[in-house]
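Listed below, chain by chain, are the residues.
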Amino acid sequence: MPLQLLTFNCHEAWIHQLSYLDAQVEIVDGLINRYQSRWDTHVRPVPENGCLISFDQLQATNRSYDCLIAHNLTDLMDLKYIPGPRILVLHTTLNGRLQSSQSSLNPQVVRALMQNYLQMVGGHAVAISALKGHSWGWEEDIVSCGADPDVYLPWSGHLPVGLRVAHQITAKKEILLWSLHQEAFEAIPVQLVGFNPDIPGVKPSNSWADLKLLLSAHRFFIHTAHPQFEDGYNMAMLEAMAAGLPVLGNVHPTSPIEHGVSGFLSDDPHQLAGFAKSLLEDHALARRMGEAARQLILERFSIHRFAKHFKQSILTAQQKYLCSGKV
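This section reports on the structure supplied with the text. Just so it is clear, the structure is predicted and the values come from calculations on it, not from any experiment.

## Here's the deal with the overall build of the protein chain
Moving on, step 1. For the protein chain, the helix and strand inventory stands at twelve helices and eleven strands.
Moving on, step 2. Its C-alpha atoms give the protein chain a radius of gyration of 20 Å, within 12% of the compact-globule value 20 Å for 327 residues.
Moving on, step 3. By its C-alpha atoms, the protein chain is 60 × 40 × 35 Å across when sized along the principal axes.
Moving on, step 4. Taken over 327 residues, the protein chain has a buried fraction of 53%.
Moving on, step 5. Summarising the internal contacts of the protein chain: among those between residues at least 6 apart in sequence, 69% fall at separations of at least 24.
Moving on, step 6. About 14,900 Å² of surface is accessible on the protein chain, with carbon and sulfur atoms providing 53% of the total.
Moving on, step 7. Separation of charge centres in the protein chain, based on 25 positive and 30 negative side chains, amounts to 3 Å.

If you want it as structure tokens, here you go:
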């Protein structure tokens, strides 16, 4: 029998991974205090095994769930009257979260509050990377995101243009090392895609199908990130690799990119510009590196590996909930 899961509309690309589980997924939609209150079809369609419900519908239901999946502490507290095992997914580093919100809160205090609340409700935390788990003091369960190369179009790279997918750049300039990006690619043709209403000419893709076309057509992908605040990869980068694009970025201890094999890494903007020009001028080089990037996804970031590991996380959450006496 399929798992019965409940989650909140947040991180559509991450939630879409749940379509690879044998599960029925209800997604609470129309939430306030999010950059998009409704499910953003520019990022992903609603999963085939998912349906959208309102918060009022959730409160009125007497349904039971095999697991409740929260994406932040607000979600977790909104679930306090809904019985069932619960998981808090740690999508960001604690320092990155505090930095982007310009919060003066003490990280140790926030960390302790989260851990105490999880223990009180019999919950379980899952970090999407070791860096994020470590920042929250939670390294028990790390489940990396996954990508499925089979769902992307064959790479052509016929456009001699780089591509970057990033949302809310202005609020995350330091996290994304935006100054490095700007200096390195000032004279390089690069298309920026994402929800950034304050940046003229930049908009999200029209749909996931449109994003797949963009990934197929562009020559390389860009990801830069501050090592203290963010991983050397994100879901946008993983799907670019799955689509066969080489990656340009800064040197980062968690980057999966092998320099000179699946992309180029440098903290020197002039070097990055030179690597970009090499890929723009040498289509065959870009293809070879992109194929290496795609192979890396199959080996380290398989979507089926994600599904297997997250199913185990659900079992762990169920056991913790049972042991907590909350049943």
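## Considering the pattern of salt bridges
Moving on, step 1. With the rule as written, the count across this model stands at six salt bridges.
Moving on, step 2. Residues Arg-44 and Glu-239 are paired through a salt bridge, measuring 3.2 Å at the closest nitrogen-oxygen approach. One end of the pair, Arg-44, is in the loop between strand E2 (23-29) and strand E3 (50-54); the other, Glu-239, is in helix H9 (residues 235-242), with 195 residues separating them in the sequence.
Moving on, step 3. Judged by relative accessible area, which is 6%, Arg-44 ranks as buried.
Moving on, step 4. Here Glu-239 falls in the buried class, since its relative accessible area comes to 7%.
Moving on, step 5. Residue Lys-320 is joined to Glu-140 by a salt bridge in which the shortest nitrogen-to-oxygen separation is 3.2 Å. Of this pair, Lys-320 sits in helix H12 (residues 303-324) while Glu-140 sits in the loop between helix H6 (130-135) and strand E7 (159-165); the two residues are 180 residues apart in sequence, bridging distant segments of the chain.
Moving on, step 6. For Glu-140, a relative accessible area of 51% corresponds to the exposed category.
Moving on, step 7. Several salt bridges converge on common partners, so that one network encompasses Lys-132, Glu-230 and Asp-231.

## Details of helix H5 (residues 107-121)
Moving on, step 1. Along its 15 residues, H5 runs 21 Å from first to last C-alpha, staying within 8% of the 21 Å computed at 1.5 Å per residue.
Moving on, step 2. Buried residues of H5: Val-110, Met-114, Tyr-117, Leu-118 and Val-121, and no others. Along the axis of H5, the buried positions cluster into a sector of 100°, meaning they face one direction only. Exposed residues lying more than 90 degrees from the buried face of H5 are Gln-108 and Gln-119.
Moving on, step 3. On the buried face of H5, the contacting elements are helix H3 (73-78), strand E5 (86-90), helix H4 (94-100), strand E6 (124-127) and H12.
Moving on, step 4. In this structure Asn-106 caps H5, since a side-chain oxygen of it lies 2.8 Å from the backbone nitrogen of Gln-108.
Moving on, step 5. Directly beyond the C-terminal end of H5, a positive phi value near 70° is found at Gly-122.

## Brief notes about unusual backbone geometry
Moving on, step 1. In this model, His-11 sits at a positive phi of 60°, which is unusual for a non-glycine residue.
Moving on, step 2. Along the chain, the position of His-11 falls in the loop between strand E1 (3-8) and helix H1 (12-16).
Moving on, step 3. Residue His-11 is classed as partly exposed on the basis of its relative accessible area, which comes to 34%.
Moving on, step 4. The residue Gln-168 is not glycine, and still its phi comes out positive at about 50°.
Moving on, step 5. Among the secondary structure elements, Gln-168 is positioned in the loop between E7 and helix H7 (178-184).
Moving on, step 6. Look at Gln-168 and you get partly exposed, because its relative accessible area is 34%.

## Brief notes about the nonpolar core
Moving on, step 1. Grouped together as the largest cluster of nonpolar side chains are 70 residues, with contacts concentrated most on Leu-5, Trp-14, Leu-18, Leu-21, Phe-221, Met-241 and Phe-310.
Moving on, step 2. It is H9 that contributes the most residues to this core, seven residues altogether.
Moving on, step 3. Membership of the second largest hydrophobic core comes to 25 residues, among which are Val-28, Leu-31, Ala-70 and Trp-138.

## Observations regarding the environment of Gln-24
Moving on, step 1. Along the chain, Gln-24 turns up in strand E2.
Moving on, step 2. Measuring from C-alpha to C-alpha, the distance between Gln-24 and Val-165 comes to 29 Å, with 141 residues separating the pair along the chain.
Moving on, step 3. Aside from chain neighbours lying at most four places away, what touches Gln-24 is Pro-2, Leu-3, Gln-4, Leu-5 and Asn-49.

Cut-offs applied
- Residues numbered from 1 in each chain as written.
- Predicted model: local features only at pLDDT ≥ 70, side-chain atom pairs only at ≥ 80, totals over all residues.
- Heavy atoms only, no water.
- Helix = DSSP H or I, 4+ residues; strand = E, 2+ residues; numbered from the N terminus.
- Rg over C-alpha atoms; globule rule 2.2 N^0.38 Å.
- Buried < 20%, exposed > 50% of the residue type's maximum accessible area, 1.4 Å probe, protein only.
- Contact = heavy atoms within 4.5 Å.
- Areas by Shrake-Rupley, 256 points an atom, 1.4 Å probe, with all protein chains shown as cover.
- Lys, Arg positive; Asp, Glu negative; His and termini not counted.
- Charge placed at Lys NZ, Arg CZ, Asp CG, Glu CD.
- Salt bridge = Lys/Arg side-chain N within 4 Å of Asp/Glu carboxyl O.
- Expected span 1.5 Å × (residues − 1).
- Arc of directions from axis to C-beta.
- Polar contact = N/O pair within 3.5 Å; in protein donor to acceptor, adjacent residues only side chain to side chain.
- Core = buried A, V, L, I, M, F, W, Y, C linked by side-chain atoms within 4.5 Å.

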